[in-house]
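Residues per chain are reported as follows:
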Amino acid sequence: MPPDENYMRAPAPQPRKTLYTEAMEIFQHAAELIKLDSRVRLELEEPDYEHIFYVTTTLKDRLVPLTAEAAKGFADLPVTTVRDQFGFEPLADGKIILNGKALLGSDVNIRKGHLRLPDGNVYQLVPGVSERFKAYRVQHNQARGPYKGGIRYHREVSLDLFKALAAEMTWKTAISEVPFGGGKGGIQLDPRSLGREELQNISLRFMYKLKSMIGPNIDIPAPDVGTNGEIMALFLRQYSDGEHERHNMRGIVTGKDVRIGGSEGRVKATGQGVAYCIEDYYLDRGESLRGKTFTVQGFGNVGSHGAEILQTMGARLLAVNDADGTIFNPDGIDAAALLAYVHENPKNLKRSVAGFPGAQAISKKDFWEVQADFCVPAALGGEITADIAEKMKVKLIAEGANGPTTPEADKVLAKRGIDMIPDIIANAGGVTVSYYEWIQNKRMESWTEAEVNKRLEFALKRNYRIIRDIAKNTPRKTDMHDSRRYCIGQTMDTRAAAMCLALKRIEAHYLLEGFSQ
């Protein structure tokens, strides 16, 4: 009897839809459209490297508030008079961190590990414990230059998410003509539930473990959700500490404070880029931003600065939604005042728009149905689903976040005639100015904000115009751009057009340089 060829052979793995495969659907679609070289396609379908590791730290002692019912058992507990108010660090979750010797020298009244503070609440003293956090760094592709991408601190992160975000950075850097590749990483944690010193310790430990994988000419991290210039400063110190040529390493991270090698305009760069793209969208239609109305979902770095810039251009902000609240004012919300309320108010521990006195509270469901000229989703991925897309009352969506619109929602929006400025051009301002920061670090230079913004405006509008030409199949050469090489003889939506531009630019490196053996 002839041997069975299938004997002991493992069954072929069945394709499984994941967050990453869903994010790569547009890649597969654009690859088919431009007939991407098969080997180049294989190079881009999966990341070069996927790193998973752990960082540990010891958390500080905490005071955890009791419920009103539980506090009844301590009704006669005297108030503890605290002399060192700076020893207490309140957190967004209601807990309080005890820093250093916070209670030393105070009149302390503790019963069974509980005490009452001057605010009248009873707290349980919970000793600090050592904790482990899962960390990631995905390096997607470096055909065009060093890996580049942000570091995210958030509860809901995963390898699949970082693969999708790292791939998007590969496309984004190609579209904005920045000589970088794509990367992304971060730690699974809630930064709002940790103290300042705890976050510092975690960040330093993270960079200690990351150091062997990155470098100013290898992989260059930047801020993302949950991180900022302060975290980047810690990364820089940890990476360069003890090195002989420390000043040559300032480009290891971007998004730094301008006082330590950061670039003017970097903090606002992503929001600025969104605004430039929206401005050019209306310019192409013979209109201006003056008098246009808009909504913003997410009021972190991108949403807040984007809203403020759009307001200075003459647009009117009607509604804002974030993780903890939603506000609306038909007469317009003062974006600058809201930014100060959210980001500069020490009492607003959640950094939320909730409670802003210049607007009324509405539901998140109602937010998506506010009638406006355009919407800027600037929170997390997957927020605009097909159901939400059916209800939106806007004419344009400009994606400030990474992947805020699902593929199913894209189809609904197209059917309804709602225009789209896709994320890989709309929010490319951050990585573009990160490149400018990296150049300044390399040259030991410092550019003015006006110079940075002038370069950014040219880069984004030039490439956005190429994308529009690809979508309309109108190849042309102007004083600002040349789309003749990229149009493929058929029309398509703007997201596919943006991806076609990215893939054509990446493919050129492989076809002209060849493959290493």
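See the structure above.
As the structure is a computational prediction, the values presented were derived from the model and not from experiment.

The rules behind each value
- Residues numbered from 1 in each chain as written.
- Predicted model: local features only at pLDDT ≥ 70, side-chain atom pairs only at ≥ 80, totals over all residues.
- Heavy atoms only, no water.
- Helix = DSSP H or I, 4+ residues; strand = E, 2+ residues; numbered from the N terminus.
- Rg over C-alpha atoms; globule rule 2.2 N^0.38 Å.
- 1 Å grid on protein atoms, 1.4 Å probe; cavity = no way out; pocket = protein on both sides within 12 Å on 5 of 7 lines; lining within 4 Å.
- Points joined across faces, edges and corners; volume = space filled by probe spheres on them.
- Nonpolar A, V, L, I, M, F, W, Y, C, P; charged D, E, K, R; others polar.
- Core = buried A, V, L, I, M, F, W, Y, C linked by side-chain atoms within 4.5 Å.
- Buried < 20%, exposed > 50% of the residue type's maximum accessible area, 1.4 Å probe, protein only.
- Contact = heavy atoms within 4.5 Å.
- Pairing = 2+ DSSP bridges.
- Axes fitted to C-alpha atoms, helices over the stretch in contact; angles between N-to-C directions.
- Polar contact = N/O pair within 3.5 Å; in protein donor to acceptor, adjacent residues only side chain to side chain.
- Phe/Tyr/Trp six-rings, centres within 6.5 Å; stacked < 30°, edge-to-face > 60°.
- Lys NZ or Arg CZ within 6 Å of the ring centre and 35° of its normal.
- Expected span 1.5 Å × (residues − 1).
- Salt bridge = Lys/Arg side-chain N within 4 Å of Asp/Glu carboxyl O.

S.K.: In this structure, what is going on with the overall build of the protein chain? I would like to understand it.
M.R.: For the protein chain, the count of helices and strands is 17 helices and 17 strands. Relative to a compact globule of 517 residues, whose C-alpha radius of gyration would be 24 Å, the protein chain shows 25 Å and is just as compact. The principal-axis extents of the C-alpha atoms in the protein chain amount to approximately 80 × 70 × 65 Å.

S.K.: Which parts of the structure should I look at to understand the layout of surface pockets?
M.R.: Roughly 230 Å³ of volume is contained in the second largest pocket. What lines the second largest pocket is a set of 13 residues, among which Glu43, Tyr510, Gly514, Phe515 and Ser516 lie closest to the centre. For the lining of the second largest pocket, the element with the highest residue contribution is helix α17 (residues 494-513), accounting for 3 residues. Among the residues forming the lining of the second largest pocket, the class breakdown is 5 nonpolar, 5 polar and 3 charged.

S.K.: Looking at this structure, I do not really get the nonpolar core. What am I missing?
M.R.: General note: in soluble globular proteins, nonpolar side chains tend to be found buried as a group. In this structure, Trp171, Ile278, Leu310, Leu338, Phe374, Ile421 and Leu503 are the most contacted members of the largest nonpolar core, which totals 87 residues. With 10 residues, the top contributor of residues to this core is α17. Setting aside residues no more than four positions away along its own chain, phenylalanine 374 makes contact with Ile278, Tyr282, Leu289, Lys292, Thr293, Phe294, Thr295, Leu310, Ala315, Val394 and Leu396. Core analysis: the next-biggest nonpolar cluster, separate from the first, contains 27 residues, Leu199, Phe206, Leu234 and Ile252 among them.

S.K.: Any chance you could explain the sheet that holds strand β4 (residues 96-98) here in plain terms?
M.R.: One key point about sheets: their strands pair by backbone hydrogen bonds, in either a parallel or an antiparallel sense. Judged by pairing direction, the sheet is antiparallel, and its 5 strands sit side by side in the order β3-β4-β2-β6-β5 without closing on themselves. Each having just a single partner strand, β3 (88-90) and β5 (114-116) make up the two edges of the open sheet. The average angle at which neighbouring strand axes cross in this sheet is 30 degrees, direction not considered. As judged from the 3 bridges shared by β3 and β4, these two strands associate in the antiparallel manner. Its bridge partner being in β4, phenylalanine 88 is matched across the sheet by leucine 98.

S.K.: Sorry if this is basic, but what is going on with the sheet that holds strand β11 (residues 293-297) here?
M.R.: The strand order across the open sheet formed by 7 strands is β14-β13-β12-β11-β15-β16-β17, and the pairing between neighbours is mixed. The open sheet has two edge strands with one neighbour each: β14 (360-361) and β17 (419-421). Pairing geometry for strand β16 (residues 396-398) and β17, over 3 bridges, is parallel. From the neighbouring strand, alanine 398 faces β17, where its bridge partner is isoleucine 421.

S.K.: In this structure, what is going on with the side chain of serine 176? I would like to understand it.
M.R.: Considering the arrangement of structural elements, one finds serine 176 in the loop between α5 (159-175) and β9 (182-188). When its relative accessible area of 3% is taken as the criterion, serine 176 is described as buried. Here lysine 172 takes part through its backbone oxygen, which lies 2.9 Å from a polar atom of the side chain of serine 176. Aside from chain neighbours lying at most four places away, what touches serine 176 is Ala428, Val431, Thr432 and Asn463.

S.K.: What is the right way to read the pairing of strand β6 (residues 122-126) from this model?
M.R.: It is a general feature of regular strands that their side chains alternate between the two faces of the sheet. Where strand β2 (residues 62-65) lies against β6, 4 bridges are found, and the strand directions are antiparallel. Its bridge partner being in β6, arginine 62 is matched across the sheet by valine 126. Pairing analysis gives 3 bridges linking β5 to β6, with the strands arranged antiparallel. Each bridged residue has a counterpart across the sheet, and for arginine 116 the counterpart in β6 is valine 122. In textbook terms, the turn of a hairpin is the stretch between consecutive antiparallel strands, and for β5 and β6 this stretch comprises 5 residues, one of which, glycine 120, has a positive phi near 90 degrees.

S.K.: How do you make sense of unusual backbone geometry when you look at a structure like this?
M.R.: Phi is mostly negative for residues that are not glycine, and the peptide bonds are mostly trans. In this structure, lysine 112 takes a positive phi of about 55 degrees despite not being glycine. Mapped onto the secondary structure, lysine 112 falls in the loop between β4 and β5. Given a relative accessible area of 75%, lysine 112 falls into the exposed group. Here asparagine 473, not a glycine, exhibits a phi torsion of approximately 55 degrees, which is positive. Within the element layout of this structure, asparagine 473 appears in the loop between α16 (449-472) and α17.

S.K.: What is the right way to look at the packing of aromatic side chains in this model?
M.R.: Between two aromatic rings, the relevant description is the distance of the centres plus the angle of the planes. Per the stated rule, a full pass over the model turns up 15 aromatic pairs. Both rings, one in tyrosine 136 and one in phenylalanine 162, keep their centres 5.4 Å apart while their planes meet at 50 degrees; by these two values the pair is tilted. Placement of tyrosine 136 in strand β7 (residues 130-141) and of phenylalanine 162 in helix α5 is noted, with a sequence separation of 26 residues between them. Across the pair, phenylalanine 162 and tyrosine 136 agree in class, each one buried. For the ring pair phenylalanine 294 and phenylalanine 374, a centre distance of 5.2 Å and an interplane angle of 5 degrees mean the geometry is stacked. Of this pair, phenylalanine 294 sits in strand β11 while phenylalanine 374 is found in strand β15 (residues 374-377), placing the two residues 80 residues apart along the sequence. By the ring-pair criterion, three or more aromatic residues cluster together here, those being Phe180, Tyr435, Tyr436, Trp438 and Trp447. Stacked on the ring of tyrosine 54, the Lys or Arg arginine 132 has its end atom at 5.3 Å from the ring centre. The ring of tyrosine 239 is capped by lysine 211, whose NZ or CZ atom sits 5.3 Å from the centre of that ring.

S.K.: Help me out: how do you make sense of α17 in this one?
M.R.: In an α-helix, one turn spans 3.6 residues; hence positions three or four apart end up facing the same way. Spanning 20 residues, α17 covers 29 Å between terminal C-alpha atoms, matching the ideal 28 Å at 1.5 Å per step. For α17, the tally of buried residues reaches 14 of 20 residues, placing the bulk of the element in the interior. Residue aspartate 493 occupies the N-cap position of α17, its side-chain oxygen lying 3.0 Å from the main-chain nitrogen of arginine 495.

S.K.: Is there a simple way to think about the pattern of salt bridges in this case?
M.R.: Pairs can form between side chains of opposite charge whenever their charged atoms are close. The tally for this structure, following the rule as stated, stands at 42 salt bridges. Across the salt bridge formed by lysine 72 and glutamate 69, the nearest N and O atoms sit 3.2 Å from each other. The exposure class assigned to lysine 72 is exposed, which follows from its relative accessible area of 57%. For glutamate 69, a relative accessible area of 56% gives the class exposed.

Limitation: the analysis is restricted to geometry and does not speak to function.
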